Amino acid sequence: MWTEASGRRVLPHPCGELSAGVVEALGKPPGSAIPAASAPADPYGRDLHLALHTCYGLYYEGFDGVDAGWEWDPGLLCVRAELERHFLAALRADVADGVDVETELEELLIVPDEESGVAAFLRDHGKPWQVREYFVHRSILHHQEADPYAWLIPRLRGRAKAALVAVEFDEFGGGHGDRIHQRLYANLLEGAGLDPSYLAYLDVVPAPMLAIVNMMSLFCLHRGLRAAGVGHFAAVEITSSPASRRMVEALERLGADPACITFYREHVEADAVHEQLMRREVIGDLLAREPDTRASIVFGIRATNLLEDRFADHLMSCWRDDRTSLLGPEAPDGKDQNSMVHLRIPSEFVAIHRR
C-alpha cells in the first residue's frame with residue numbers, strides 16, 4: 001500500500017541546456033554557479049518547462065539530496081525569473097485581452113453539442129492504455145493539487161479569502177488525511193496498476209502538461225498575478241464537474257478499479273459546489289474590492305483555456321494515430337488493450353530517458 005513516506009523525490013533527467021544547468025546546480029551546495037544556457041527558442045518547449053518545474057519543485061516537496069537552501073538562492077531566483085519572463089510573455093502574446101469577467105465565466109459553462117474534449121473521447125472511444133496515459137500526464141498536476149492555490153490566501157481579504165479557504169478545505173480532505181485529493185489520486189494510480197509515487201512519471205510527460213502546472217505556480221507565487229491565479233482556479237472548478245462526470249462514465253465502461261472512479265466521483269460532487277463559491281464569493285468579492293483586476297482575471301481564464309487546449313490537441317493527435325502521447329517508444333501497456341488494472345509502465349520505458 002502506498003504511503004506519503006514511500007516515494008522518492010528524485011531530480012528529473014535534463015532534456016536540454018536549461019534543464020541541465022538547473023539540475024547540475026542543484027546537485028551542489030547553494031551559492032554554486034549555475035551553468036550558462038542560451039535563451040530558450042520555444043517558450044512552450046520542454047527544456048524551459050522542465051527547468052522551471054524543477055525550480056518550482058523546491059517550493060513543494062523538494063528533491064532528495066538537494067539542499068533546502070536552494071529555495072531562496074539569489075542565483076537560482078534570477079534563472080527562475082528569466083524562465084518565467086519568457087513563459088509569461090508568450091502567454092500574454094497568445095491570449096487576447098478582455099475585461100468581461102461575467103461573460104468569460106458563463107462561456108466556461110457551455111458544453112459543445114458534440115461534447116468534444118479528452119474526457120468525452122475517453123468516455124466514448126477510449127482504450128485502457130489511453131486512460132492510463134491520461135492518468136500519467138495528470139499525475140504531475142494532481143500530486144500538487146490545490147497546493148499552489150494556498151499561496152493566494154494571504155493575498156485576498158474578506159469574503160474572497162474565506163470562500164477560497166472553504167474550497168481549499170475540501171481539496172485537502174476536510175481535515176481527513178485519507179481524503180486529501182492528492183492522496184485520492186495516488187490511490188487512483190495504484191488502482192490502475194501505475195506507480196503512485198510523487199512525480200514518478202516526470203521524465204516521460206511532455207511539455208503541454210508541464211506548462212499547465214507551471215502556470216499554476218507562476219500565477220499563485222506572484223502577488224501581482226494573484227487575480228490571474230483566481231481566474232485560473234475558477235476556470236478549473238467550473239469545468240471540472242462535467243469533465244469528471246464523463247470520466248466516471250468512461251471508467252465504469254472500462255471496468256476500472258473503484259479507486260479510479262472514486263477520485264473523479266469526488267470531483268463531480270465537490271466541484272459543483274466550488275464553482276459557485278469561486279464565481280460568487282471569491283471573484284465577486286475580489287471585483288467589488290478591486291475592480292481593476294478584471295483584465296487579470298480574464299487573462300487567467302484564457303491562459304488556462306489556451307494551455308488545456310494545447311494539452312488536449314497533443315493527446316488527440318497522438319491517440320488518433322494510435323501512438324503513445326508520452327515520451328517513449330510505445331504505449332505503456334504493451335499489447336494488452338483491454339485491462340485497466342495490474343499493468344504498469346515497465347521500468348525500461350522510464351529508464352530510456354536516463355541513459
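None of these values were measured; they are calculated from a predicted model. (Residues numbered from 1 in each chain as written. Predicted model: local features only at pLDDT ≥ 70, side-chain atom pairs only at ≥ 80, totals over all residues. Heavy atoms only, no water.)

Asker: Describe the confidence of the model for the protein, listing the residues and the values that go with them.
Answerer: Close inspection of predicted coordinates is inappropriate for parts of the model with low pLDDT. Put simply, the protein has an average pLDDT of 89, and 89% of its residues get 70 or more. Overall, residues 329-355 carries pLDDT values under 50, and its contacts beyond four positions in sequence, including any with other chains, amount to 63 contacts. (pLDDT = per-residue confidence, 0-100. Contact = heavy atoms within 4.5 Å.)

Asker: Provide a residue-level description of the packing of aromatic side chains, including the pertinent values.
Answerer: Note on aromatic pairs: each is described by the distance of the centres and the angle between the planes. Inspection of the entire model under this criterion finds 10 aromatic pairs. Considering the side-chain rings of F263 and Y264, the 5.0 Å spacing of their centres and the 90 degrees angle between planes classify their relative orientation as edge-to-face. Each member of the pair, F263 as well as Y264, is classed as buried. Site record: aromatic cluster; members linked through ring pairs are F135, Y185, F263 and Y264. In this arrangement the basic side chain of R92 is found over the ring face of F299, its NZ or CZ atom lying 4.6 Å from the centre. The ring centre of Y44 lies 4.1 Å from the NZ or CZ of R310, which sits over that ring. (Phe/Tyr/Trp six-rings, centres within 6.5 Å; stacked < 30°, edge-to-face > 60°. Buried < 20%, exposed > 50% of the residue type's maximum accessible area, 1.4 Å probe, protein only. Lys NZ or Arg CZ within 6 Å of the ring centre and 35° of its normal.)

Asker: Give a description of the side chain of E237 that names residues and reports values.
Answerer: By the secondary structure assignment, E237 is in helix α10 (residues 226-254). No salt bridge is formed by the buried E237; the nearest opposite charge belongs to R138, separated by 11 Å. One polar contact links E237 to H274, side chain to side chain, over a distance of 3.0 Å. (Helix = DSSP H or I, 4+ residues; strand = E, 2+ residues; numbered from the N terminus. Lys, Arg positive; Asp, Glu negative; His and termini not counted. Salt bridge = Lys/Arg side-chain N within 4 Å of Asp/Glu carboxyl O. Polar contact = N/O pair within 3.5 Å; in protein donor to acceptor, adjacent residues only side chain to side chain.)

Asker: Go over helix α9 (residues 207-221), please, and point to the residues and values.
Answerer: For α9, with 15 residues, the first-to-last C-alpha span of 21 Å sits near the 21 Å given by 1.5 Å per residue. Burial within α9 is extensive, with 14 of its 15 residues counted as buried. (Expected span 1.5 Å × (residues − 1).)

Asker: Explain the pattern of salt bridges residue by residue, including any values.
Answerer: Here the structure, examined in full by the defined rule, presents 19 salt bridges. For R302, the salt bridge is made with E104, and the minimal N-O distance between the two is 3.0 Å. Placement of R302 in helix α12 (residues 294-320) and of E104 in helix α4 (residues 101-108) is noted, with a sequence separation of 198 residues between them. Classification of R302 as partly exposed rests on a relative accessible area of 23%. The structure contains a network of salt bridges with shared partners spanning R159, E281, D285 and R289.

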